[in-house]
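# A closer look at the structure
Given next are the chains, with one letter for each unit.
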Amino acid sequence: MIARVTVMLKEGVLDPQGEAVKHALNSLDYDKVKSVRQGKVMEIGLDETSEIEANKSIQEMCEKLLANTVIESYEIEII
Amino acid sequence: MRAAVIIFPGSNCDRDMLSALRLAGHEAVPIWHKETELPKNIDLIAIPGGFSFGDYLRCGAIAAKSPIFREISRHIERGGYALGICNGFQILTEAGILPGILQKNIGTKFISKIVDLRVINTTSTFTHKYMTNNKISIPIAHHEGNYFASKDDLEELKDKNCIAFKYKDNPNGASENIAGILSENHRVLGMMPHPERHIEDAHGCKDGYPFFEGLFQTS
């Protein structure tokens, strides 16, 4: 089973990298780009058949290591 | 005073830290991160600057979960003293020992320069040689030094006199101009600037020397 974890900065937390990408897009004349937020995607291969169990353990991994919940939120998707 | 300087793969200020501690008259031993135990009778654990494990995922995140860190946490839980400079500060926040997190600098650039700090707390073992609001000149060299903490955490830091140093002119976007903070019991200090780089005449400035000189001295 493969789980896809998406980690994003929480709303309200400044994202200087996203800002820099936004400016670059604007300077390529994409005037309609109003914001860019940059995050991380991780695909985790898991030796597990139960989706519920997989979700549970990935959530634990997110809390312990994959995301820093002071500034980041995460989403788990089993694919 | 006996200090252990922890070396992770990528640490590069470990020798500076060792020589600063020794110059100030302390005993200091380097400890490779694969050691499973710390030597006996260690008073202070120092986590130096540089990088750790490529700083993959987030700066300090992997080091904070490494086996040696269990020993470091035990030392701190027992009320032991610890110091984290630069990457060491990032590791201490990732381990949840100090509140908040160090984010990318607001201008997205790596900043390497000498900055002025104001000393805020002057009662901890690290800072008692300075006077409140002393201006000291200390180098910074980091890409992720922008201190961020929740409003509640910032209030608590202020209320409990846990802000050790502030930048005079904020170089990186840090909340409240914070350059270094203390734990609630004032025995763990994390800071982005490098006092170990300003300790002898050859450095052109010795403003960092009192920091090391004062460790474990009664004021």
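Keep in mind that this is a model prediction, so the values were computed, not measured.

### What about the overall build of chain B?
In terms of helices and strands, chain B carries five helices and 11 strands. Rg of the C-alpha trace for chain B: 16 Å, near the compact-globule value of 17 Å for 219 residues, within the 12% margin. Dimensions of chain B, computed from C-alpha atoms along their principal axes, come out at roughly 40 × 40 × 35 Å. Within chain B, the proportion of its 219 residues that are buried is 50%.

### Focus: the environment of L117 of chain B
Residue and element names in this part refer to chain B. Topologically, L117 is positioned in strand β6 (residues 111–119). Counting along the chain gives 53 residues from L117 to N170, while the straight-line C-alpha distance between them is 9.5 Å. The contact partners of L117, leaving out residues within four places of it in the chain, are I136, I138, F165, K166, Y167, K168, A179 and P193.

### Some words on the sheet that holds strand β9 (residues 163–167) of chain B
All names here are of chain B. Pairing in this open sheet of nine strands is mixed, and the strands run β2-β1-β3-β4-β11-β10-β9-β6-β7 from one edge to the other. Where the open sheet ends on each side, the last strands, each with one partner, are β2 (27–32) and β7 (135–142). Neighbour to neighbour, the strand axes of the sheet diverge by 20° on average, direction disregarded. Here strand β10 (residues 178–182) pairs with strand β11 (residues 188–191) via three bridges, running antiparallel. The residue bridging I181 from the neighbouring strand is G190, located in β11. Lying on the sheet, helix α2 (residues 67–77) is in contact with β1 (2–7), β3 (44–47), β4 (81–85) and β11; it crosses β4 at an angle near 130°.

### Considerations on the pairing of β7 of chain B
Residue and element names in this part refer to chain B. Of the two faces of β7, only one is covered, namely that formed by I136, I138, I140 and H142; the face formed by K135, S137, P139 and A141 stays uncovered. When β6 meets β7, the two strands line up antiparallel, connected through eight bridges. In the strand pairing of β7, K113 is matched with I140.

### Some words on the confidence of the model for chain B
Of all residues in chain B, 99% have pLDDT values of 70 or greater, and the mean over the chain is 96. Interface confidence for the predicted complex, given as ipTM, is 0.84, next to a pTM of 0.94.

### Points about helix α1 (residues 14–23) of chain B
Residues and elements named next belong to chain B. Those residues of α1 lying buried are D14, M17, L18, A20 and L21. For α1, the angular spread of buried residues about the axis comes to 165°, placing them on one side. In the core, the buried residues of α1 are packed alongside β1, β2, β3 and α5 (209–213). Phi for G25, located one or two positions after α1, is positive at around 95°.

### Comments concerning the interface of chain B and chain A
At the junction of the two partners, chain B supplies 11 residues and chain A supplies eight residues. By residue class, the composition of the side of chain B that touches chain A is four nonpolar, three polar and four charged.

What counts as what
- Residues numbered from 1 in each chain as written.
- Chains lettered and ligands numbered in written order.
- Predicted model: local features only at pLDDT ≥ 70, side-chain atom pairs only at ≥ 80, totals over all residues.
- Helix = DSSP H or I, 4+ residues; strand = E, 2+ residues; numbered from the N terminus.
- Rg over C-alpha atoms; globule rule 2.2 N^0.38 Å.
- Buried ≥ 20, exposed ≤ 12 C-beta atoms within 10 Å, placed from the backbone.
- Contact = placed C-beta atoms within 7 Å.
- Pairing = 2+ DSSP bridges.
- Axes fitted to C-alpha atoms, helices over the stretch in contact; angles between N-to-C directions.
- pLDDT = per-residue confidence, 0-100.
- Arc of directions from axis to C-beta.
- Nonpolar A, V, L, I, M, F, W, Y, C, P; charged D, E, K, R; others polar.

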